[in-house]
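In case you want the letters, here they are:
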Amino acid sequence: MALGIAIISLLLLAGKQIEEKFTRNVAGIDMVVGAKGSPLQLILASIYQIDSPTGNISMEEANRLTRSPLVKSTIPLSMGDSYQGYRIVGSNEKYLAHFQAEFATGKVFSKTMEIVIGSKVAKNLNLKIDDVFSSQHGFDKEGQAHKEKQFKVVGILKTTNSVLDQLMITPLESVWAVHEEHHEEEAGKGANVLKLLEDDSVRANSIRPVQEDSKEITSLLVKFRNPVMGMMMARSINQNSTLQTATPAIEINRLFALLGVGVDALKWIALVIIIVSGLSVFVSLYNSLKERKYEMALMLSMGASRTKLFLLLLLEGLIISVIGFVIGIFLSRLGLWIMSKNVEQNFHYDFNVLSLLTEEFYLFLGALLIGLLAAAIPSLGIYNINISKTLADE
Amino acid sequence: MIATQNLTFAYTPEKRFDFPNFSCADRETILILGKSGKGKTTFLHLMALLLKPTGGNIQINNQEISQLSVSQAANFRAKNVGIIYQKPHFVHSLSVIDNLLLANYLAGKNQAKQLAQQLAESLGFSEHLLKKTTQLSQGEQQRVSIARALMNKPSVILADEPTSSLDDDNCMKVIDLLKKQIQEIGASLVVVTHDQRLKEVFEKRIEL
């Protein structure tokens with residue numbers, strides 16, 4: 001009983017939370033533009049920050065798009081580096097504004113290599129204002145470190161319950177700066193290390209002007225003035241350029257449709273488990289009634305009415321199902337908690353564990369009904385007990 | 001007081017029992033002796049209204065009870081008849097004291113905790129009141145079931161082979177206790193048994 005309830009409740013919870021997370025993060029973004037590849041991947045990487053980016057697009061093309069009269073606003077994103085497993089996203093203040101982020105302490109970045117970090121990052125990595133660190137290439141903790149340039153924490157955000165909590169935001173220029181050196185270093189590896197080191201010390205204190213047009217970003221989040229016209233624009237971009245557009249709503253629906261099959265299968269399994277557990281309650285009550293037939297006959301001989309004993313047994317079935325339900329709910333919360341710890345480690349996604357869903361209320365009623373039915377049928381046997389025979393036989 | 005006249009019962013037309021007449025006043029005891037298969041338990045169940053007789057009359061406290069309906073019978077039995085079974089049986093999930101109080105509860109009376117205490121003391125199991133019944137020895141369990149039969153201060157106590165599973169010592173102890181208790185509450189005691197050891201201690205005897 002408890003197991004079936006736990007599985008169903010876990011599915012409900014996880015489904016709900018994932019959906020909530022996904023829709024909250026997607027709000028306000030009509031289109032994502034990025035390099036050619038899987039549109040789902042582009043969405044997952046740019047909006048949810050869970051998949052790898054598809055590739056880079058040139059800033060020039062992105063800017064051309066931004067200037068289009070159909071576009072209300074755009075947010076450029078540049079990913080590729082991380083620190084201790086947390087993604088560093090190059091963007092601008094608009095990205096923070098998009099999530100209505102507020103600062104717990106500190107302020108927004110104003111210079112290259114300054115960085116603002118999400119609440120979860122700050123908590124888990126124990127970073128404070130003015131801390132410095134160097135990023136790693138890629139999203140693994142083992143990624144090659146960019147030792148030359150160090151980020152400096154200037155702001156810590158309040159919890160927004162969005163992906164922002166698990167991100168570190170820095171100006172686009174920082175990402176470019178880090179990678180420029182990275183490339184130079186690779187090119188001149190072994191050739192003139194000394195010179196490079198000298199260069200570094202000079203460079204570190206001055207922000208070089210960045211020629212935007214030659215720069216690259218990972219993707220562009222776009223908000224249209226008019227969604228219908230926007231769709232047409234998206235089609236023309238897909239056909240006529242090296243860029244790719246993806247609509248979050250469509251891709252996410254596709255993802256849910258894919259996941260839905262698995263979730264449905266699990267739901268059926270859980271339902272079967274509940275029915276089987278109902279049957280086992282039935283069998284155990286039936287057996288216990290047989291064992292306790294004498295007890296029942298005894299109580300009958302002492303003046304108990306059969307209806308009273310019937311209700312007594314029914315209550316027993318009810319209590320079993322209520323206990324089963326409570327344990328099930330508890331188990332599902334425990335499962336979700338463990339899952340969320342796991343997911344948070346791997347994807348920096350977390351779940352809100354404690355809320356009780358309305359669906360679970362129906363689940364409760366269903367469990368009670370099954371418990372009642374399972375108890376009622378064998379308990380009807382009470383009305384057939386032959387007191388004298390039962391008492392004489394034993 | 002309890003009395004029967006021309007009591008008959010038939011499980012099937014071939015398996016018929018005719019029971020002898022007897023009467024037993026308050027504070028009196030009567031022993032009904034018989035070998036297995038003579039209908040001892042049937043006789044007792046008839047007196048306890050657990051079975052409905054096919055013919056004849058039974059009176060308890062001068063009230064004719066053979067024609068009571070099932071629910072009336074259950075009510076009457078709970079208030080006026082205490083039954084001690086051959087093997088002591090209890091509701092296993094309840095403690096000793098709760099098993100005693102259950103008799104009050106099921107008869108619709110107030111739960112007489114003090115009476116339970118007193119009975120436990122005079123029957124010598126007061127230190128076991130909070131234990132589960134299964135933790136007690138056979139002799140102790142039999143004494144608890146006597147106490148349970150007395151909980152509602154019935155006017156008749158029916159005992160079905162109360163001593164068959166007890167050794168000589170315990171057997172006599174139990175009978176003494178029973179006799180003493182019915183003197184105190186003024187009830188009649190009917191013992192049905194094949195236990196020949198009891199022959200000497202009962203003056204009034206019937207053989208089936």
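Just so it is clear, the model here is predicted, and its values are computed rather than measured.

1. A short note on the overall build of chain A
- Check the secondary structure of chain A and you find 13 helices and 13 strands.
- Taking all 394 residues of chain A together, the buried fraction comes to 48%.
- Look at the contacts in chain A between residues 6 or more apart in sequence, and 78% of them connect residues 24 or more apart.
- Within the structure as shown, chain A displays about 19,500 Å² of accessible surface, and the carbon and sulfur contribution to it stands at 61%.

2. Some details on the interface of chain B and chain A
- Across the contact, 19 residues belong to chain B and 15 residues belong to chain A.
- Interface area for chain B against chain A, summed over the two sides, is near 1,500 Å², with a carbon-plus-sulfur share of 65%.
- Scanning the region where chain B abuts chain A turns up zero salt bridges.
- Where chain B packs against chain A, one counts four residue pairs in polar contact (both at pLDDT 80 or more).
- Elements with a contribution of two residues or more to the side of chain B that touches chain A: α1 (40–47), α2 (70–80) and α3 (96–106) of chain B.

3. Regarding the nonpolar core
- Residues Ile2(B), Phe22(B) and Phe125(B) are the most contacted members of the largest nonpolar core, which totals 86 residues.
- The greatest single-element share of this core, amounting to seven residues, is contributed by α3(B).
- Setting aside anything within four residues of it in sequence, one finds Phe125(B) in contact with Val96(B), Leu100(B), Leu119(B), Ala120(B), Arg143(B), Val144(B) and Ala147(B).
- Residues Val32(A), Ile47(A), Met79(A) and Ile169(A) belong to the second largest nonpolar core, which totals 30 residues.

4. Quick word on empty space enclosed by the protein
- Counting across every chain of the model gives two cavities of 30 Å³ or more.
- Taken as a whole, the largest cavity holds about 150 Å³ of empty space.
- Considering the residues around the largest cavity, the lining is formed by 13 residues, among which Met302(A), Val81(B), Gly82(B), Ile83(B) and Arg148(B) are closest to the centre.
- Where the lining of the largest cavity is concerned, the elements lending two or more residues are α10 (293–301) of chain A together with β7 (81–84) and α5 (138–150) of chain B.
- With three residues, β7(B) is the largest single contributor of residues to the lining of the largest cavity.
- In terms of residue class, the lining of the largest cavity is made up of nine nonpolar, three polar and one charged.

5. Here we look at the packing of α5(B) against helix α6 (residues 168–185) of chain B
All names here are of chain B.
- At a minimum axis distance of 11 Å, the contact between α5 and α6 shows a crossing angle of 15 degrees. Regarding the angle of α5 to α6, the classification is roughly parallel. The handedness of the crossing between α5 and α6 comes out as right-handed. Mapping the contact onto sequence places Arg143, Ile146 and Leu150 in α5 and Val174, Leu177, Leu178, Gln181 and Ile185 in α6.

6. Quick look at the sheet that holds strand β9 (residues 188–193) of chain B
All names here are of chain B.
- The strand order across the open sheet formed by five strands is β7-β8-β9-β4-β10, and the pairing between neighbours is parallel. The open sheet has two free edges, formed respectively by β7 and β10 (205–207), since each of these has just one partner strand. Each neighbouring strand pair of the sheet contributes to a mean axis angle of 15 degrees, computed without reference to strand direction.
- Looking at chain direction, β7 and strand β8 (residues 156–160) are connected through four bridges and run parallel. The residue bridging Ile83 from the neighbouring strand is Leu158, located in β8.

7. A short note on the pairing of β9(B)
All names here are of chain B.
- Across the six residues of β9, six count as buried, placing the element largely inside the fold.
- Alternating residues of β9 divide into Ser188, Val190 and Val192 and Leu189, Val191 and Thr193, and every residue in both groups is buried.
- As defined by bridge partners, strand β4 (residues 29–33) adjoins β9 across five bridges and the pair is classed as parallel. By the bridge assignment for β9, Ile30 is matched with Val190.
- Handedness of the β-α-β unit built from β8, α6 and β9 comes out right-handed.

Reading the values: rules and limits
- Residues numbered from 1 in each chain as written.
- Chains lettered and ligands numbered in written order.
- Predicted model: local features only at pLDDT ≥ 70, side-chain atom pairs only at ≥ 80, totals over all residues.
- Heavy atoms only, no water.
- Helix = DSSP H or I, 4+ residues; strand = E, 2+ residues; numbered from the N terminus.
- Buried < 20%, exposed > 50% of the residue type's maximum accessible area, 1.4 Å probe, protein only.
- Contact = heavy atoms within 4.5 Å.
- Areas by Shrake-Rupley, 256 points an atom, 1.4 Å probe, with all protein chains shown as cover.
- Buried area = accessible area lost by both parts, 1.4 Å probe.
- Salt bridge = Lys/Arg side-chain N within 4 Å of Asp/Glu carboxyl O.
- Polar contact = N/O pair within 3.5 Å; in protein donor to acceptor, adjacent residues only side chain to side chain.
- Core = buried A, V, L, I, M, F, W, Y, C linked by side-chain atoms within 4.5 Å.
- 1 Å grid on protein atoms, 1.4 Å probe; cavity = no way out; pocket = protein on both sides within 12 Å on 5 of 7 lines; lining within 4 Å.
- Points joined across faces, edges and corners; volume = space filled by probe spheres on them.
- Nonpolar A, V, L, I, M, F, W, Y, C, P; charged D, E, K, R; others polar.
- Axes fitted to C-alpha atoms, helices over the stretch in contact; angles between N-to-C directions.
- Parallel < 35°, antiparallel > 145°, perpendicular 65-115°, else oblique.
- Left-handed = near helix turned anticlockwise from the far one by under 90°.
- Pairing = 2+ DSSP bridges.
- Right-handed = clockwise from strand over helix to strand, strands pointing away.

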